[in-house]
Amino acid sequence: EYLPSGSNVLIPGAGLCRLAVEIASNGFTAYANEQAFVMLIMSQIALRRKKTFQIFPFLHQISGLDSLDGALIHATFPEAKIKLNDDLDDNGIIEPLELLNEHRLNLLAGGFEAIQYARTQVYDSVVTCYFIDVVADIPKAINLIYNILRPGGYWINFGPM
């Protein structure tokens, strides 16, 4: 195991916080950072209501799809059942609202660059998912990630970069 349970994990560009919910559900303390107002509002609605939503990520952006049917690909958020580790309730699920209330899921509104004004070396891991591809200044973002990671921390990146 690379990171102990309870480790601080930053997720910049968290969007609707789906990845942050998964990370928090697996025993880590997730810090979801998002700048886009629409994503902030929608994540609050999705996380604080006891209902699921279907998200159609390609509905309005069909370039690169093999057919128009691809525009109807969807994902459910939050997952109806989230499997956790051993400190579970009787049925083994937890609601995203519980993660918020227990401070295992924390929402940080604002641009990623603003994190540079926070303390350095506070995160055990930074997880980026198709984020580094869209930042304006990639070397600056990488330097910021380096500065906020604790010594021996991990940067996990998903995406083409």
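These lines cover the structure that appears in this document, whether it is placed above or below. Counting restarts for each chain: residues are numbered from 1 in the order of the written sequence. It should be noted that, the model being predicted, local features are given only for residues of pLDDT at least 70 and side-chain atom pairs only at 80 or more, the latter also being counted only at that level, while totals for whole chains, interfaces and linings use all residues. The side-chain figures draw on all heavy atoms in the structure; neither hydrogens nor water molecules are used.

**Here's the deal with the nonpolar core**
For soluble globular proteins, the rule of thumb is that nonpolar side chains tend to be buried together. To form a nonpolar core, buried Ala, Val, Leu, Ile, Met, Phe, Trp, Tyr and Cys residues must be joined to one another through side-chain atoms within 4.5 Å. Partly exposed describes any residue whose relative accessible area lies between the buried limit of under 20% and the exposed limit of over 50%, with all areas from a 1.4 Å probe on protein chains only and scaled to the type maximum. Among the nonpolar cores identified, the biggest contains 17 residues, and Ile-11, Ala-20, Ile-23, Ala-30 and Leu-105 are the most heavily contacted of them. Per element, the largest residue contribution to this core is four residues, and it comes from helix α1 (residues 18-25). Setting aside chain neighbours within four positions, we find Ala-30 in contact with Val-9, Ile-11, Ala-20, Ile-23, Ala-24, Arg-104, Leu-105 and Asn-106. A run of H or I in DSSP becomes a helix once it reaches four residues, and a run of E becomes a strand once it reaches two; helices and strands are each numbered from the N terminus. Contacts are residue-level and defined by heavy atoms, with any inter-residue pair within 4.5 Å sufficient.

**Digging into the pattern of salt bridges**
Side chains that differ in charge, positive against negative, can pair when their charged atoms come close. Just to be clear on terms, a salt bridge is a Lys or Arg side-chain nitrogen sitting within 4 Å of an Asp or Glu carboxyl oxygen. Under the defined criterion, the tally for this structure stands at two salt bridges. Between Arg-104 and Glu-102 there is a salt bridge, with its nearest N and O atoms 3.1 Å apart. According to the relative accessible area criterion, Glu-102 is partly exposed, its value standing at 41%. Residues Arg-150 and Asp-124 are paired through a salt bridge, measuring 2.9 Å at the closest nitrogen-oxygen approach. You can see Arg-150 sitting in strand β7 (residues 149-158) and its partner Asp-124 sitting in strand β6 (residues 123-129), a full 26 residues away along the chain.

**Some points on the packing of aromatic side chains**
A pair of Phe, Tyr and Trp rings is counted when the ring centres sit within 6.5 Å of each other, with Trp represented by its six-membered ring. The angle between the planes then sorts it: under 30 degrees is stacked, over 60 is edge-to-face, the rest tilted. Inspection of the entire model under this criterion finds two aromatic pairs. Judged by centre distance (5.5 Å) and plane angle (70 degrees), the ring pair of Tyr-31 and Tyr-123 falls under edge-to-face. Of this pair, Tyr-31 sits in strand β2 (residues 29-34) while Tyr-123 sits in strand β6, placing them 92 residues apart in sequence. Here Tyr-123 falls in the buried class, since its relative accessible area comes to 9%. An angle of 80 degrees between the planes, with centres 5.3 Å apart, marks the rings of Phe-112 and Phe-131 as edge-to-face. Taken together, the residues span a long stretch of sequence, with Phe-112 in the loop between β5 (105-109) and β6 and Phe-131 in the loop between β6 and α4 (138-148) at a distance of 19 residues. In this structure Phe-131 comes out as buried when scored by relative accessible area, which is 10%.

**Regarding the sheet that holds strand β1 (residues 8-12)**
In this analysis, strands are considered paired if DSSP registers two or more bridges between them. Spatially, five strands are ordered β5-β2-β1-β6-β7 in an open sheet, and the strand pairing comes out parallel. Only two strands of the sheet have a single partner each, and these edge strands are β5 and β7. Strand-to-strand twist of the sheet, defined as the mean angle between neighbouring strand axes without regard to direction, takes the value 20 degrees. Bridge count between β1 and β6: two bridges; the pairing is parallel. Bridging across to β6, Leu-10 finds its partner in Val-126. Interaxial angle, 0 to 180 degrees, is taken between N-to-C directions of lines fitted to C-alpha atoms, where a helix line uses only the stretch in contact. Against the sheet, α4 engages β1, β6 and β7, with an angle of about 140 degrees to β7.

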